[in-house]
Structures are given as C-alpha cells and as structure tokens.
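Coordinate inspection notes
One-letter residues, chain by chain:
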Amino acid sequence: MAYRYALLILCLTSLQLIFCEGKDIGFHTSLTSKNVRINRNFTFTITLSNIAKNDVIQLYIWQHPSNSLQLPKTLNFSADVLQREVNVSTLEPGEVAVSFNATQTIPDMEHFYIHINVYLHTGWYWISFSLGWGYMVVWTLSMYPQVFDNFRRRNVEGFSLDYYVFNTIGYWTYLLYNCAMYFSPKIQKQYYTHHQSANPVGITDVIFTINGAIVTVLLGISCLVFPTGGQKFSIATYLITAGITVYSIVCLIGTLIPFSSWFTWFQFFQLISYIKILITFLKYTPQAYYNFVIKCTVGWNILGVWSDLLGGTMSFFQMFIDAFNTSDWPGIYSDPVKLLLSILSIIYDLIYLVQHYILYYGNKTPRKLKRKRRKRRRKNKTDLIESASILMEERSYNLKYT
C-alpha cells in the first residue's frame, strides 16, 4: 500500500509542477504602432499577468531616439497592480521605437517594441498615406495587362522569357523579406538592434509582393502553354540563376549552423532582399534588348509600362515626403530595396516608352516575322512563275501536235 500512496503523491506533484508552477509572466500593451502629430498627447496601457503574490516587478521603458517623446522611464507592477497607464507627449518629429525591459525575464517582451511615427504636418501625412496605397494599387494593376495580353493573343512572342525568369526570382525573394520583416517580432527586434530605427516594411509592401508572386505564376502558365516564337533562355540567364542559388544556399548555411555567428535571421533575409536589387536591374534589360532585336514592341503591353512608371514615381515621392515630414532624411536609405526599385523602374519604363513611341513607332510586326513573310512571298512568287511557265509549255506543245 505504501508504494501506491507514494506513486499517487508523485503524480500529484508532477501535475502541480506542470499546471501550477513555472508559468511565465505575461506581457501585453494596448498599442503596437501609432502615427501622431508633434506636440500631441496620447495614452496606452501595459498589462502584466502571472505575477507571484510577494513579487514586485520594475518595468523599464526605453526609446530611440531618446529625446522624441516624454514618457515615464520606470513602472512598478505587483499581484495587486497588474495594469498601468502610460501618458506620452510628442516633442520632436521622427520615427521612434519604444522597447521594454524588466527585473524578471518576460518572454513576450523580448522581441517587442512599439513603433511611433511623429510627423510635422497632418496634410503631408495624408498625402504620404495616399501615395503609399496608391503606388501599391498601381503597381499591382500594372502586372495584369501583360497576363491578359498573353492569354488574349494565345501567344507570348514579344515577351522576353529571360525577363520572366528574373522577374519571378525577384518577386519571390522580396516576398520572403517582406513577410519576415512584417510578421516576425524576432526579426523586427533584430532589425531594430542593427539599425536603431522602426521597421520600414508595411502591409502595403506585403500585399504588393504577394500579388506579384501570384502574377509570376500566371505568366509562367502562359509561357508553358502558348507558343514562344522560338525563344530560348540565354546562357547568361542560366549562369545568373545558378549564381543566385549558390549565394542563397551559402547565406542559409551561415544562418543555420549552430556554432556559427555569421548571420542572424534578419541579416539572412536582408541579404536575400539584395537579390531583388540585382534582379530589378537585370530583369528590365532583356526586354529592352529583345525590343531592340526585333525592332518592335508588339507583345510587350504598353499599359503595364505606364502603370509601372506611375507606381515608381509615387513610391519615390512618398519616401521624400516621409523624410521631410519626420525630419528623418537618412531614413530614405533605411529600405534600399524600395528606393532602388522605384528609381530603376522609372529609368527603364522611360526607355520602353521611347522604344514604343519614337524608335519603333508604327512597327506592327517583329523584324523576324517580316523576314519570314518576305521569304514566303518570294517563294510563292517563284512557284507562281514556274507554274505559269509550265502551263505555257504545255499549251505550246498541244498547239504544235494537234
């Protein structure tokens, strides 16, 4: 009987350890991000849970930059006081990251910070807000005319396959970067540690890249199903794709090896995002060169070019408006992918427009097809002459011997 009681006590003790002991202290705030004008006040609440009866936890509040907000530096919590209200006053414009620390380990607090954007003028803020959603919508819509054109014509001749490959790689790598930066608190905290600034990736960036990845799938289907006009992938495309693959594998190995401190996960995704910068330059070049070779822009939808140009212009001006309205000019370079994406898209879209409206204006048929048609006409003309001569010989023969 004694061993039964001992076993029962052991089970009850284990259950108590599992369900009643070792609970982590919970952490929650009523605010994760806020856009507010300078010289304004606002409040938010901080709530802790699972504090032991006799424990007193001191919470430290940090901000970077340190002089942008006026707010308390420490707060005390106990089992009787689980929620505190924080009063904040905005003093200077800029992007502010508010982080927390405590006298005890709180896992939920480890990778958490509040993003506060303090701006100078309400009007410029709403202009920037409109441009942000505007370029996302325009860039999103700019992808579909080419898809519709391919399926309408049931042909992808005039659409560069090399451009498609680079475009696909660019959008999928940029999608990984944006999703990691937007959805992972751990990576957001690592970004803050490296750059001491707020996360530059917003929901508009995530929606844009998700849509771009979907469009690349639809374009891939059209390239597989419809005639390509004899196009083949260039050797340069094979070599560049292989190089990007090796680069990505090396970066991943440097992040995954336990005893290696080469890269954090943030650095890995940042290195992956640099592929998008390279691809943005590379993907536009094959299409411009292909237009030059065939001396025509048929098959390359010009409506998509106009939309892409408008989106790139809106994105470019939004970054400068944000820098002006928050007095944070170095912040323009905090997201180099977005900056270079807008600049390169503007430059190459202008090249496409010059090709379409000036250099090859009125050329409705690619030069290769023109050559084929000329050869076919010459052959038909030769066949017609030969047939006429044979017919004349037959008639003369019949007249001679009848």
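Before reading on, note that the structure itself is shown above.
A few points on the structure. (Residues numbered from 1 in each chain as written. Predicted model: local features only at pLDDT ≥ 70, side-chain atom pairs only at ≥ 80, totals over all residues. Heavy atoms only, no water.)

1. Here's the deal with the overall build of the chain
Per the secondary structure count, the chain includes 11 helices and 9 strands. Burial statistics for the chain: of 402 residues in total, 44% are counted as buried. Restricting to contacts in the chain with at least 6 residues of sequence separation, those with at least 24 account for 76%. (Helix = DSSP H or I, 4+ residues; strand = E, 2+ residues; numbered from the N terminus. Buried < 20%, exposed > 50% of the residue type's maximum accessible area, 1.4 Å probe, protein only. Contact = heavy atoms within 4.5 Å.)

2. Some thoughts on empty space enclosed by the protein
Under the definition given, this model contains 3 cavities of 30 Å³ or more. Taken together, 24 residues line the largest cavity, and the ones lying closest to its centre are Ser142, Met143, Tyr163, Trp300 and Asp308. Of all the secondary structure elements, the ones that give two or more residues to the lining of the largest cavity are helix H2 (122–142), helix H3 (144–153), helix H4 (161–183), helix H6 (203–225), helix H8 (265–294), helix H9 (302–326) and helix H10 (336–359). Per-element tally for the lining of the largest cavity: the top contributor is H10, with 4 residues. A per-class count over the lining of the largest cavity returns 14 nonpolar, 6 polar and 4 charged. (1 Å grid on protein atoms, 1.4 Å probe; cavity = no way out; pocket = protein on both sides within 12 Å on 5 of 7 lines; lining within 4 Å. Points joined across faces, edges and corners; volume = space filled by probe spheres on them. Nonpolar A, V, L, I, M, F, W, Y, C, P; charged D, E, K, R; others polar.)

3. Describing the environment of Phe112
Note on placement: Phe112 falls in the loop between strand E8 (94–102) and strand E9 (113–119). Along the sequence, Phe112 and Gln188 sit 76 residues apart, while their C-alpha atoms lie 8.2 Å from each other. Ignoring sequence-local partners within four residues, the contact set of Phe112 consists of Phe27, Thr29, Leu31, Thr32, Ser99, Phe100 and Lys189.

4. Looking at the packing of aromatic side chains
Centre-to-centre distance and the angle between the planes together describe a pair of aromatic rings. With the rule as written, the count across this model stands at 27 aromatic pairs. A ring pair is formed by Tyr171 and Phe208, whose centres lie 5.8 Å apart and whose planes are at 65°; its orientation type is edge-to-face. A residue pair is termed long-range when its members are at least 10 positions apart, and Tyr171 in helix H4 and Phe208 in helix H6 qualify at 37 residues. Tyr171 gets classed as buried once you look at its relative accessible area, which sits at 8%. According to the relative accessible area criterion, Phe208 is buried, its value standing at 4%. Here Tyr284 and Tyr352 contribute two aromatic rings whose centre-to-centre distance is 6.2 Å and whose plane-to-plane angle is 55°, an arrangement assigned as tilted. (Phe/Tyr/Trp six-rings, centres within 6.5 Å; stacked < 30°, edge-to-face > 60°.)

5. A word on the nonpolar core
Among the nonpolar cores identified, the biggest contains 52 residues, and Phe159, Met181, Phe208 and Tyr352 are the most heavily contacted of them. Mapped by element, the contributors of at least two residues to this core are H2, H4, helix H5 (185–195), H6, helix H7 (235–256), H8, H9 and H10. Those residues within four positions of Tyr352 in sequence are excluded, and the remaining contacts are Tyr284, Gln287, Ala288, Asn291, Trp300, Ile302 and Val305. Judged by nonpolar contacts, the second largest core, of 29 residues, contains Phe42, Phe44, Val86 and Val88. (Core = buried A, V, L, I, M, F, W, Y, C linked by side-chain atoms within 4.5 Å.)

6. Section: a nonpolar patch on the surface
Together, Trp126, Phe129, Trp133, Tyr182, Phe183, Ile203 and Ile207 make up an exposed nonpolar region whose accessible area comes to about 670 Å². Elements supplying a minimum of two residues to the nonpolar patch: H2, H4 and H6. By residue number, the principal contributor to the nonpolar patch is H2, which donates 3 residues. Within the secondary structure layout, Tyr182 lies in helix H4. (Patch = residues over 30% accessible without salt bridge, like charges linked within 9 Å, V, L, I, M, F, W, Y side chains within 5 Å. Areas by Shrake-Rupley, 256 points an atom, 1.4 Å probe, with all protein chains shown as cover. Salt bridge = Lys/Arg side-chain N within 4 Å of Asp/Glu carboxyl O.)

7. Topic: the packing of H4 against H5
Following both chains from N to C, one finds H4 and H5 inclined at 90°, their axes separated by 5 Å at the closest point. Our classification of the angle between H4 and H5 gives roughly perpendicular. Counted together, Ala180, Met181, Tyr182 and Phe183 of H4 and Pro185, Ile187, Gln188 and Tyr191 of H5 form the full contact between these two elements. Classifying every residue of the contact of H4 with H5 gives 7 nonpolar, 1 polar and no charged. (Axes fitted to C-alpha atoms, helices over the stretch in contact; angles between N-to-C directions. Parallel < 35°, antiparallel > 145°, perpendicular 65-115°, else oblique.)

8. Focus: the pairing of strand E4 (residues 56–64)
The side-chain alternation of E4 yields one buried face, formed by Ile57, Leu59, Ile61 and Gln63, and one unburied face, formed by Val56, Gln58, Tyr60, Trp62 and His64. The pairing of E4 with strand E6 (residues 74–78) spans 5 bridges and is classified as antiparallel. Within the sheet, the bridge partner assigned to Val56 lies in E6 and is Ser78. In terms of strand pairing, E4 meets E8 through 6 bridges, oriented antiparallel. Considered in E8, the bridge of His64 is made with Ala97. (Pairing = 2+ DSSP bridges.)

9. Regarding the layout of surface pockets
Approximately 380 Å³ is the volume found for the second largest pocket. Looking at the second largest pocket, it is lined by 19 residues, and the ones nearest its centre are Ser160, Asp162, Ser234, Pro286 and Tyr289. Looking at the lining of the second largest pocket, the elements with two or more residues in it are H4, H7 and H8. It is H8 that provides the largest number of residues to the lining of the second largest pocket, a total of 6 residues. Its residues placed into classes, the lining of the second largest pocket shows 9 nonpolar, 7 polar and 3 charged.

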